[in-house]
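Tertiary structure, described
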Amino acid sequence: MSKNETNDSSQVNQLLKLLELEKIELHLFRGISRFSPAPQVYGGQVLGQALMAAYQSVDEGMRAHSVHCYFLRGGDMESPIIYEVERTRDGKAFSSRRVIAMQHGRQIFNMSASFQTPEDGYDHQQEAPECPEPLSLPSSFDLQKKYNEELGLEYHPEKIPSWFFDIRVDGPGPSLYPEPRKPELKIWFRLKEEFVDHPAYHEAALAYASDLRLLGVSLLPHAVSHQQKLRVATIDHSIWFHRDFDIREWQLYSMHSPNACGGRGFSIGHVFNQKGTLVATCSQEGLIRPVKE
């Protein structure tokens with residue numbers, strides 16, 4: 001997996017540093033964490049790193065087609081994360097792997113991943129939804145900056161997990177006084193700069209981005225403000241990779257939440273490229289619990 005030359009100061013180079021793990025021993029890897037304003041490690045980072053760890057153990061040319069993850073504990077920003085890969089099955093067409101992420105002697109995350117040698121077959125997909133072109137929509141960073149200014153808060157976009165991506169939002173930004181909305185959201189996203197020409201890195205980068213906004217869609221019908229006391233945390237997350245894509249090009253993330261109950265929200269997202277080709281499907285369930293005074 002060779003990577004292109006990049007400037008050390010670029011945003012994408014920082015993403016590469018997260019995804020390129022240190023090999024400690026056979027099937028054992030160490031990953032670093034990037035600063036986040038949240039008290040725990042950003043979940044998409046752990047997911048992307050775990051996928052890269054699994055890729056180190058499969059034959060060149062195989063592609064991940066599905067991953068299923070459970071987030072067990074919040075990750076510690078100050079400590080490295082250890083990833084252990086278990087080779088559960090190797091077949092002629094499919095291979096499966098289990099990855100465990102650990103900190104301080106405890107599991108914080110586990111993932112099952114299935115890989116396939118590319119082959120031809122029947123082909124159909126659902127149509128991409130209508131959405132304005134990305135550059136006609138406001139930037140998520142501009143919307144958040146305006147919101148922070150209303151609250152008199154400082155805004156440091158370079159410190160948030162989505163900093164690596166240009167994100168355009170088809171819908172209102174954060175609000176002090178939100179109104180109930182349909183649990184639907186569409187965003188465009190792409191990496192800001194050049195990246196590695198290898199599908200493993202593109203899948204890992206999409207896995208990183210797939211955690212952005214998805215669980216929050218389940219809060220839209222309930223008119224919840226960012227300033228209300230909420231306990232929000234991902235419980236499980238799945239991705240199905242359908243077709244090849246280039247993460248440096250615009251991807252449309254169309255999300256909806258069919259259900260919320262029992263203190264949990266459930267959301268589904270479809271990722272389309274700018275030509276309308278369905279490249280991935282994601283699902284996520286997480287805790288959306290109001291914190292009582």
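Summary of the structure given here. Every value quoted in this text rests on a predicted model; they were computed, and no experiment measured them. (Residues numbered from 1 in each chain as written. Predicted model: local features only at pLDDT ≥ 70, side-chain atom pairs only at ≥ 80, totals over all residues. Heavy atoms only, no water.)

Quick look at the overall build of the protein chain
- When its secondary structure is counted, the protein chain shows four helices and twelve strands.
- In terms of overall dimensions, the protein chain is globule-like: its C-alpha atoms have a radius of gyration of 19 Å, near the 19 Å expected for 293 residues.
- If one aligns the C-alpha atoms of the protein chain with their principal axes, the spans along those axes are about 55 × 45 × 45 Å.
- Expressed as a percentage of its 293 residues, the buried residues of the protein chain come to 48%. (Helix = DSSP H or I, 4+ residues; strand = E, 2+ residues; numbered from the N terminus. Rg over C-alpha atoms; globule rule 2.2 N^0.38 Å. Buried < 20%, exposed > 50% of the residue type's maximum accessible area, 1.4 Å probe, protein only.)

Details of the sheet that holds strand β11 (residues 264-273)
- Spatially, the twelve strands line up as an open sheet ordered β1-β2-β4-β5-β6-β3-β9-β12-β11-β10-β8-β7, and their pairing is antiparallel. Either end of the sheet is taken by a strand with one partner, and the two such strands are β1 (22-25) and β7 (165-170). Across the sheet, the mean angle separating the axes of adjacent strands is 25 degrees when strand polarity is ignored.
- Pairing geometry for strand β4 (residues 81-90) and strand β5 (residues 94-103), over eight bridges, is antiparallel. Its bridge partner lying in β5, Glu84 is registered against Ile100. (Pairing = 2+ DSSP bridges. Axes fitted to C-alpha atoms, helices over the stretch in contact; angles between N-to-C directions.)

Some words on helix α4 (residues 199-209)
- By the criterion of burial, α4 is predominantly enclosed, with ten of the eleven residues buried.
- Those residues of α4 that fall on the buried side of the exposure criterion are Ala200, Tyr201, His202, Glu203, Ala204, Ala205, Leu206, Ala207, Tyr208 and Ala209.

Description of the packing of aromatic side chains
- One pass over the full model with this rule turns up nine aromatic pairs.
- Measuring from centroid to centroid gives 6.3 Å for Phe195 and Tyr201, while their planes differ by 80 degrees, and the two rings are edge-to-face.
- Judged by relative accessible area, Phe195 falls into the buried class, the value being 1%.
- You can call Tyr201 buried: its relative accessible area is 4%.
- By way of ring pairs, the aromatic residues Tyr42, Phe164, Phe165, Phe189, Tyr208 and Tyr253 are connected into one cluster. (Phe/Tyr/Trp six-rings, centres within 6.5 Å; stacked < 30°, edge-to-face > 60°.)

Details of the pairing of strand β6 (residues 106-116)
- In this structure, strand β3 (residues 63-71) lies alongside β6, joined through eight bridges in antiparallel fashion. Within the sheet, the bridge partner assigned to Tyr70 lies in β6 and is Asn110.
- Of the pairings in the sheet, the one linking β5 to β6 comprises ten bridges and is antiparallel in character. Bridge pairing in β6 links Arg98 to Ser112.

Quick notes on the packing of helix α2 (residues 43-55) against α4
- Taken N-terminus to C-terminus, the directions of α2 and α4 make an angle of 155 degrees; their axes are 7 Å apart at the nearest point. Judged by the angle between their axes, α2 and α4 are roughly antiparallel. Here the hand of the crossing between α2 and α4 comes out right-handed. Judged by residue contacts, Gly44, Gln45, Leu47, Gly48, Leu51, Met52 and Tyr55 of α2 engage Ala200, Tyr201, Glu203, Ala204, Ala207 and Tyr208 from α4.
- Here the contact of α2 with α4 is built from residues that sort into nine nonpolar, three polar and one charged. (Parallel < 35°, antiparallel > 145°, perpendicular 65-115°, else oblique. Left-handed = near helix turned anticlockwise from the far one by under 90°. Contact = heavy atoms within 4.5 Å. Nonpolar A, V, L, I, M, F, W, Y, C, P; charged D, E, K, R; others polar.)

Remarks on the pattern of salt bridges
- Enumeration according to the criterion identifies ten salt bridges in this entry.
- Its salt-bridge partner being Arg63, residue Asp244 comes within 2.5 Å of it at the nearest N-O pair. A residue pair is termed long-range when its members are at least 10 positions apart, and Asp244 in the loop between β9 (230-241) and β10 (251-261) and Arg63 in strand β3 qualify at 181 residues.
- Asp244 sits in the exposed class, given a relative accessible area of 58%.
- For Arg63, a relative accessible area of 25% puts it in the partly exposed group.
- Arg264 is the partner of Glu285 in a salt bridge, and the nearest nitrogen-oxygen pair spans 3.1 Å. Of this pair, Glu285 sits in strand β12 (residues 278-290) while Arg264 sits in strand β11; the two residues are 21 residues apart in sequence, bridging distant segments of the chain.
- Among the charged side chains, a salt-bridge network with shared partners connects Arg87, Asp90 and Arg97. (Salt bridge = Lys/Arg side-chain N within 4 Å of Asp/Glu carboxyl O.)

A closer look at the side chain of Ser79
- Structurally, Ser79 can be placed in the loop between β3 and β4.
- Its relative accessible area of 16% is what places Ser79 among the buried residues.
- Side chain to side chain, Ser79 and His104 meet in a polar contact 3.4 Å long.
- Setting aside residues up to four positions removed in sequence, Ser79 forms contacts with Ser33, Gln103 and His104. (Polar contact = N/O pair within 3.5 Å; in protein donor to acceptor, adjacent residues only side chain to side chain.)

Examining the environment of Pro129
- In this structure, Pro129 sits in the loop between β6 and α3 (140-151).
- Considering only alpha carbons, one finds Pro129 and Ile82, 47 residues apart in sequence, at a separation of 40 Å.

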